[in-house]
Amino acid sequence: MTQTRTTRLERGRGSLGPALELVHTGRAPTRAVLTSELGVTRATAGAVAAELETLGLITVDSRPTASAGSQGRPSHRLFVNERGPVVLAVQIHADGFRVALVGLGGRIVATTTGCGAIPADPAHVLAEAVGAGAGLLRETGRRCLGAGLAVPSAVAEPDGEALNPLHLAWPAGAPVRELFQRALADAAIPGVTEAIGFSGNDVNLMALAEHRHGAGRGARDLLCVASGHRGVGGALVLDGRLHSGSSGLALEVGHLTVHPEGAPCHCGSRGCLDVEADPLAFLNVAGRTPGPEGSLLHQAADLLRTAYDDPAVRAAADLLIDRLGLGLAGLVNILNPDRIILGGLHRTLLETDPERLRAVVADRSLWGRSGGVPILPCGLDHNSLVGAAELAWQPVLDDPLIVQEERRA
């Protein structure tokens, strides 16, 4: 590295993290945009991009190109390094688990699943999932920088306890973060130590992923609601940052009452979204008995897609849309989001009859009648997994030089 480039890099050292995040989230597709977003000179931006490339995190197009229709000077294009390091992401759900290796940019490099009833001991399934992830790393030969875990429960901070895993047989307060870190240590994955294991609620992580890489890009106040394999969850991004409340328990929207005389809920109330608008509720209302093949989520979504002309299926869809819309309207009145994203079965319900859902929300909410709020399907497959990966990538986004330090270690 020449002395001039060294000097420029020293000036831009504090820009390495912001620069990597801009490329990671697709907001800096060229070096010219990076220069503008960072507010530095072209030379400094060039030195920063070159250092990130040296670290193996991004690639810089060797020949500058002009964007279509652009009148400006051609600029070098910037990409995340598709052959670069990855993180391990694990998602636990009521019907099993999914594991993935995820690169920068939210790219899923490899994935595998484990299906079946989740045992009452969380340590068992976490060890199995981490073992599956270790197998993916061996198969791909990728370097791993960290790991993240998504669980269908509120996760209390700072201790990482699953406070209400209502659809799992786990005990309340299970120390999932500690158990996850222990599983990582036992697996002895190179580059992943006991100190690098992060965990969070699956819908919170969905919101994080969608805001950075999916249908939530550009939203300032983003509301996400999703039915998982069982139950309903919600998350909120405020002013561009995930809002988790004082201790990680914000937005338990699954326990909004939408049918006061409805089914009893695990929380002790009745008629909550959790039991009135999830896949099992849809199958029950449609008069279908869940089968042993496939998850409840997949069975419900397949029924909607293949048998919507059946009067019983259509009536069940209408009922769930109305109850979901009632819950969303209350949230719109309280939170005033600028965008709503729906995942899981709710995504399929929206795609099946978008006008009905939007009409219910508009009719029941003050802000809906005054102009409406966009309601969109989620844009990513396996978004909770990508969100878990975002947790693991965050230390690198904060300080990309830790990649260099781990190489030396």
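Residues numbered from 1 in each chain as written. Predicted model: local features only at pLDDT ≥ 70, side-chain atom pairs only at ≥ 80, totals over all residues. Heavy atoms only, no water.

The protein chain appears in an unreviewed UniProt entry as ROK family protein from Streptomyces ramulosus. In UniProt, the protein chain has this text filed under Sequence similarities (unreviewed entry): "Belongs to the ROK (NagC/XylR) family." (UniProt positions renumbered as here; feature names shortened; annotations may be inferred.)

1. A look at the overall build of the protein chain
Scanning the protein chain from N- to C-terminus turns up 16 helices and 14 strands. The C-alpha radius of gyration computed for the protein chain amounts to 23 Å, which stays within 12% of the reference 22 Å derived for 409 residues, consistent with globular compactness. Counting only C-alpha atoms and orienting by the principal axes, one finds that the protein chain spans roughly 75 × 50 × 40 Å. Within the protein chain, buried positions represent 52% of all 409 residues. Sequence separation of at least 24 residues holds for 64% of the intrachain contacts in the protein chain that already meet a minimum separation of 6. Accessible surface computed for the protein chain: about 17700 Å², of which carbon and sulfur atoms make up 49%. (Helix = DSSP H or I, 4+ residues; strand = E, 2+ residues; numbered from the N terminus. Rg over C-alpha atoms; globule rule 2.2 N^0.38 Å. Buried < 20%, exposed > 50% of the residue type's maximum accessible area, 1.4 Å probe, protein only. Contact = heavy atoms within 4.5 Å. Areas by Shrake-Rupley, 256 points an atom, 1.4 Å probe, with all protein chains shown as cover.)

2. Focus: unusual backbone geometry
The phi dihedral of Leu 251 falls on the positive side, at around 60°, and the residue is not glycine. As for its position among the elements, Leu 251 is in the loop between β12 (241-243) and α8 (273-276). Residue Leu 251 is classed as buried on the basis of its relative accessible area of 18%. Of note, the phi angle at Asn 336 is positive, near 50°, even though the residue is not glycine.

3. Focus on the sheet that holds strand β11 (residues 232-238)
Across the sheet, which stays open at both edges, the five strands sit in the order β12-β11-β10-β13-β14 with mixed pairing between neighbours. The two strands at the open ends of the sheet, each matched to only one other strand, are β12 and β14 (375-377). Going from strand to strand, the sheet's axes swing by 30° on average, the running direction of each strand aside. Relative to β11, strand β10 (residues 222-227) is paired through six bridges, and the arrangement is antiparallel. Across the sheet, Val 225 pairs through a bridge with Gly 234, a residue of β11. Set on the sheet, helix α12 (residues 345-352) makes contact with β10, β11, β13 (339-344) and β14; between it and β13 the angle comes to about 110°. (Pairing = 2+ DSSP bridges. Axes fitted to C-alpha atoms, helices over the stretch in contact; angles between N-to-C directions.)

4. Comments concerning the packing of helix α11 (residues 311-335) against helix α13 (residues 354-364)
At a minimum axis distance of 8 Å, the contact between α11 and α13 shows a crossing angle of 40°. The angle between the axes of α11 and α13 places the two elements in the oblique class. Taken as a pair, α11 and α13 cross one another with a handedness that is right-handed. Along the contact surface, α11 presents Asp 318, Ile 321, Asp 322, Leu 324, Gly 325, Leu 326, Leu 328, Ala 329, Val 332 and Asn 333, while α13 presents Arg 356, Leu 357, Val 360, Val 361 and Arg 364. (Parallel < 35°, antiparallel > 145°, perpendicular 65-115°, else oblique. Left-handed = near helix turned anticlockwise from the far one by under 90°.)

5. Topic: the nonpolar core
Judged by nonpolar contacts, the single largest core of 37 residues is most densely connected at Val 225, Phe 282, Leu 328, Ile 340, Leu 342, Leu 345 and Leu 357. For this core, the elements supplying multiple residues, two or more each, are β10, β11, α9 (279-285), α10 (296-306), α11, β13, α12 and α13. The element contributing the most residues to this core is α11, with nine residues. In this structure, Val 225 is in contact with Met 206, Val 232, Gly 233, Gly 234, Val 253, Leu 324, Leu 328, Leu 331, Ile 341, Leu 342, Gly 343 and His 346, ignoring residues within four places of it in sequence. The next biggest cluster of nonpolar side chains, apart from the first, holds 35 residues, and it includes Leu 34, Val 48, Val 87 and Leu 397. (Core = buried A, V, L, I, M, F, W, Y, C linked by side-chain atoms within 4.5 Å.)

6. Digging into the pairing of strand β4 (residues 96-102)
Both faces of the sheet carry side chains from a regular strand, because those side chains alternate between them. Across the seven residues of β4, six count as buried, placing the element largely inside the fold. Looking at chain direction, strand β3 (residues 86-93) and β4 are connected through seven bridges and run antiparallel. Within the sheet, the bridge partner assigned to Ile 92 lies in β4 and is Phe 97. Taken together, β3 and the strand that follows it, β4, pair antiparallel across an intervening segment of two residues. The pairing of β4 with strand β5 (residues 108-115) spans seven bridges and is classified as antiparallel. The partner of Arg 98 across the bridge, within β5, is Thr 113. Linking β4 back to β5 in an antiparallel pair, the connection comprises five residues, with Gly 105 at a positive phi of about 85°.

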